[in-house]
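# Architecture and fold: a report
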Amino acid sequence: MSYRIASWNVNSVKARLSHLQTFLSKTIPDVLFLQEIKGETLPEISVEYHAVYKGQKTYNGVAILSRIPVSPILQNLPGDDLDEQARYLEVEWQNIRLINIYLPNGNPVETEKFNYKINWLNRFIKRLDELRGARIPFLIGGDFNIIPEDKDCYDPEIWKKDALYHPEIVKKFRSILNLGLTDAFRVFNSAPETYTFWDYQAGAWPRNRGVRIDHFLTSPTITDRLINCTIDKTPRGWDTPSDHTPIIVEISE
DNA sequence: ATGGTTGGAAGCCAA
């Protein structure tokens, strides 16, 4: 037996309610991470799922839907009491800490937004190091807004000037991996041009000019349990889609 | 080389 956990930046739950319901009934994941719910509260999505969320008016917002109840542990990333952006949700599920993140975009580079992304990453690394030190198994999923390497985007030279692939940001991503974590998708698929996000503009989707920025990272004992990790491109092709498509990870029970 | 699109909000900002 195995569990399947999915993650999807829906770019507004309200605007994507029917897509969400279609995805849930087709895929039936045990857990679904949502990012950019774009509301203070979460509307009823499915009676089959329990929901915990951290919402915010207009921007951001993260939610976890689960077929079994989960216990909220943290609804904010520690380390900055003044940070009011809803981007972090940590829950206990089946003796695993599930961490849903909507990492800051960071554009434009050389602005306060870029600094916020760097600071957020530093706080995040600190939190993960705490969990590691406490020997707590964890699985991180979400919209990282980080391109790990050249083959995860259509034109590396262009993207290096963007906060999604800025060398300073990529270095932080490597620091996260160096805590002993694994990019679950790359365990099963080494193909380039496999993306999770395509801009609404300039025909990015039909031309497959995308980026792989949505990820699942696993701590060592969860890495040992990995069965598969796939990107489901179908929802990106639906009418009035989110600009992101879901990623799904499967682990043994 | 530039601009193109979408969602949420009621201005434009964020992506």
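Okay, so let's go over this structure. What you see as residue numbers is a count from 1 along each chain, following the sequence as written. Each chain gets a letter, beginning with A, and each ligand a number, beginning with 1, in the order they are written. Where totals are concerned, whole chains, interfaces and linings use all residues; where local detail is concerned, this predicted model gives features only for residues with pLDDT of at least 70, and gives and counts side-chain atom pairs only at 80 or more. Hydrogens and water molecules were not included; the side-chain quantities draw on all heavy atoms of the structure.

To continue, consider the packing of helix H2 (residues 112-133) against helix H4 (residues 167-177). All axes are obtained by fitting lines to C-alpha atoms, using only the stretch in contact for helices, and the reported angles, taken between N-to-C directions, cover 0 to 180 degrees. Going along the chain from the N terminus, every DSSP run of H or I of four or more residues is numbered as a helix, and every run of E of two or more is numbered as a strand. Across the interface, H2 lies against H4 with an axial gap of 10 Å and an inter-helix angle of 10°. With respect to H4, the axis of H2 lies roughly parallel. Contact with H2, carried on its side by Phe114, Lys117, Ile118, Leu121, Asn122, Phe124, Ile125 and Leu128, involves Glu168, Ile169, Lys172, Ser175 and Ile176 of H4 and no other residues of that element. Tallied by class, residues from the contact of H2 with H4 come to eight nonpolar, two polar and three charged. Oblique is the label for every angle not falling under 35 degrees (roughly parallel), over 145 degrees (roughly antiparallel), or within 65 to 115 degrees (roughly perpendicular). Two residues form a contact once any of their heavy atoms are found within 4.5 Å. Charged means Asp, Glu, Lys or Arg here, nonpolar means Ala, Val, Leu, Ile, Met, Phe, Trp, Tyr, Cys or Pro, and polar covers whatever is left, Gly included.

Mapped onto the elements, Asp243 comes out in the loop between strand S13 (226-231) and strand S14 (247-252). The cut-offs for exposure are 20% and 50% of the maximum accessible area for each residue type, with area from a 1.4 Å probe on protein chains only; residues under the lower value are buried, those over the upper are exposed, and the others partly exposed. For the purpose of charge, His is not counted, nor are the chain termini; Lys and Arg are scored as positive and Asp and Glu as negative. The salt bridge criterion pairs a side-chain nitrogen of Lys or Arg with a carboxyl oxygen of Asp or Glu, the two atoms within 4 Å. No salt bridge forms around the buried Asp243; measuring N to O, its nearest opposite-charge neighbour Arg236 is 6.3 Å away. Aside from chain neighbours lying at most four places away, what touches Asp243 is Asn11, Thr196, Phe197, Trp198, Tyr200 and Arg236.

Any residue with a heavy atom lying within 4 Å of a molecule or strand is counted as near it. Of all residues adjacent to DNA strand B, which total 14 residues, the nearest are Ser12, Arg16, Arg87, Lys113 and Gln201. Each atom of DNA strand B within 4 Å of the protein belongs either to a base or to sugar and phosphate, the latter forming 69%. Between N or O atoms, a polar contact is any pair within 3.5 Å; within protein, one atom must be a potential hydrogen donor and the other a potential acceptor, and residues adjacent in sequence are included only when both atoms are from side chains. The separation between a phosphate oxygen of DNA strand B and a polar side-chain atom of Arg16 is 3.2 Å. Within the side chain of Gln201, an N or O atom sits 2.9 Å from a base nitrogen of DNA strand B. Split by residue class, the surface near DNA strand B holds four nonpolar, five polar and five charged.

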